[in-house]
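# Geometric and topological summary
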Amino acid sequence: MHESDAIPVVQRAYPEDLGETQPEHTPETESPTIREVTPEDLGAWLGKGWRDLWQMPVALVHGLVIALAGLVLMGLSWNQPWMAFSFLAGILLLGPVLAVGVNYLALQRERGEPGGAGLGWLEALGGSVWGFAALLALLFVIWASFVWMWIAVLNIGELAVMGQLHHLIGAMLGSGAGIVSLVGVVVAAIVFGLVVFALSLATIPALLDHRVRDEATQKSLIESIGVSLKAFNHNPGTLILWGLIITALFMVSVATALLALVVIFPWLGFAMWHGYRDLVATT
């Protein structure tokens, strides 16, 4: 047989032993395992959060501060209804990062540590929480700017100079342009609300959990946002329901001139922590 007739050597594209194969490294495989949750779990989160609130009543101070800040902003903008509406929406959109102190209290309670005032996150998180706050604030500014531009285009500024905040809906329903404006605002609120909710669902708890539990394996802000997005992607239906519950409770607070926010804000902060524990499998 001539050398030219020799059978060519076939290069294998896979190992002979399949046990030698390694899984592809992707954000999905690198991040923690996400558990499936059901609507029944949402009630458990609220129940555990309510119990924690009254076992650590210092969290009510956080709710009081947020409620007072909201009332001051409402008082300053009451005669400028779109500004007042934007501030109210801002409390809801920025709520996850505003609840960092309550989340820290929940972590301390879980670890059996003295509660304090819940300000230990300032040292624990450093710039991460401020970076996340800046991201949410940027999204809020984009949404608020869209709303103002939308109203200006359709109503030539008429709605921006009318009465007070409680006259807003009636004025918008009084004309065709106003109705279109209202629909646009609602759609924009839903879109931006879902984006913020998916980004922030588990981000602050993930940052706190890994920073305090094991500094050697602490997660970056980007990684923690990835955990939140993965949790939302694995449980969209249940977590959208959770977002609707949060929004409904916030509307209760608005109906009580934000007084109910003193209790509802820390309650949801504790519930948010229990939701993270159920959703994300820690290693």
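Residues numbered from 1 in each chain as written. Predicted model: local features only at pLDDT ≥ 70, side-chain atom pairs only at ≥ 80, totals over all residues. Heavy atoms only, no water.

## Let's talk about the confidence of the model for the protein
Looking at the protein, pLDDT values average 78 and 71% of them are 70 or higher. Here helix α1 (residues 27–30) stands out as the element of the protein with the lowest mean pLDDT, 53, in contrast to helix α13 (residues 261–279), whose mean of 95 is the highest. Here residues 7–11 is a poorly scored stretch, pLDDT under 50, and it has 0 contacts once near neighbours within four places are set aside; other chains count. Across residues 214–218 the pLDDT falls below 50, and counting only partners more than four positions away or on other chains, this stretch makes 5 contacts in the model. (pLDDT = per-residue confidence, 0-100. Helix = DSSP H or I, 4+ residues; strand = E, 2+ residues; numbered from the N terminus. Contact = heavy atoms within 4.5 Å.)

## Observations concerning the pattern of salt bridges
Pairing is possible between side chains that carry opposite charge, provided their charged atoms lie close to one another. Within this structure, the stated rule accounts for 4 salt bridges. A salt bridge links R51 to D52; the shortest N-O distance between them is 3.3 Å. Relative accessible area serves as the criterion here: at 38%, R51 is assigned to the partly exposed category. For D52, a relative accessible area of 2% puts it in the buried group. Close ionic contact of R277 with E110 constitutes a salt bridge, the shortest N to O distance being 2.6 Å. Placement of R277 in helix α13 and of E110 in helix α5 (residues 100–110) is noted, with a sequence separation of 167 residues between them. (Salt bridge = Lys/Arg side-chain N within 4 Å of Asp/Glu carboxyl O. Buried < 20%, exposed > 50% of the residue type's maximum accessible area, 1.4 Å probe, protein only.)

## What about the packing of α5 against α13?
The geometry of α5 relative to α13 is characterised by a closest axis approach of 8 Å and an angle of 55° between their N-to-C directions. Considering their axes alone, α5 and α13 lie oblique with respect to each other. In terms of crossing hand, the pair formed by α5 and α13 is right-handed. Along its contact with α5, which presents V102, N103, L105, A106, L107 and E110, the element α13 presents F265, P266, G269, F270, M272, W273 and R277. Here the residues of the contact of α5 with α13 sort into 9 nonpolar, 2 polar and 2 charged. (Axes fitted to C-alpha atoms, helices over the stretch in contact; angles between N-to-C directions. Parallel < 35°, antiparallel > 145°, perpendicular 65-115°, else oblique. Left-handed = near helix turned anticlockwise from the far one by under 90°. Nonpolar A, V, L, I, M, F, W, Y, C, P; charged D, E, K, R; others polar.)

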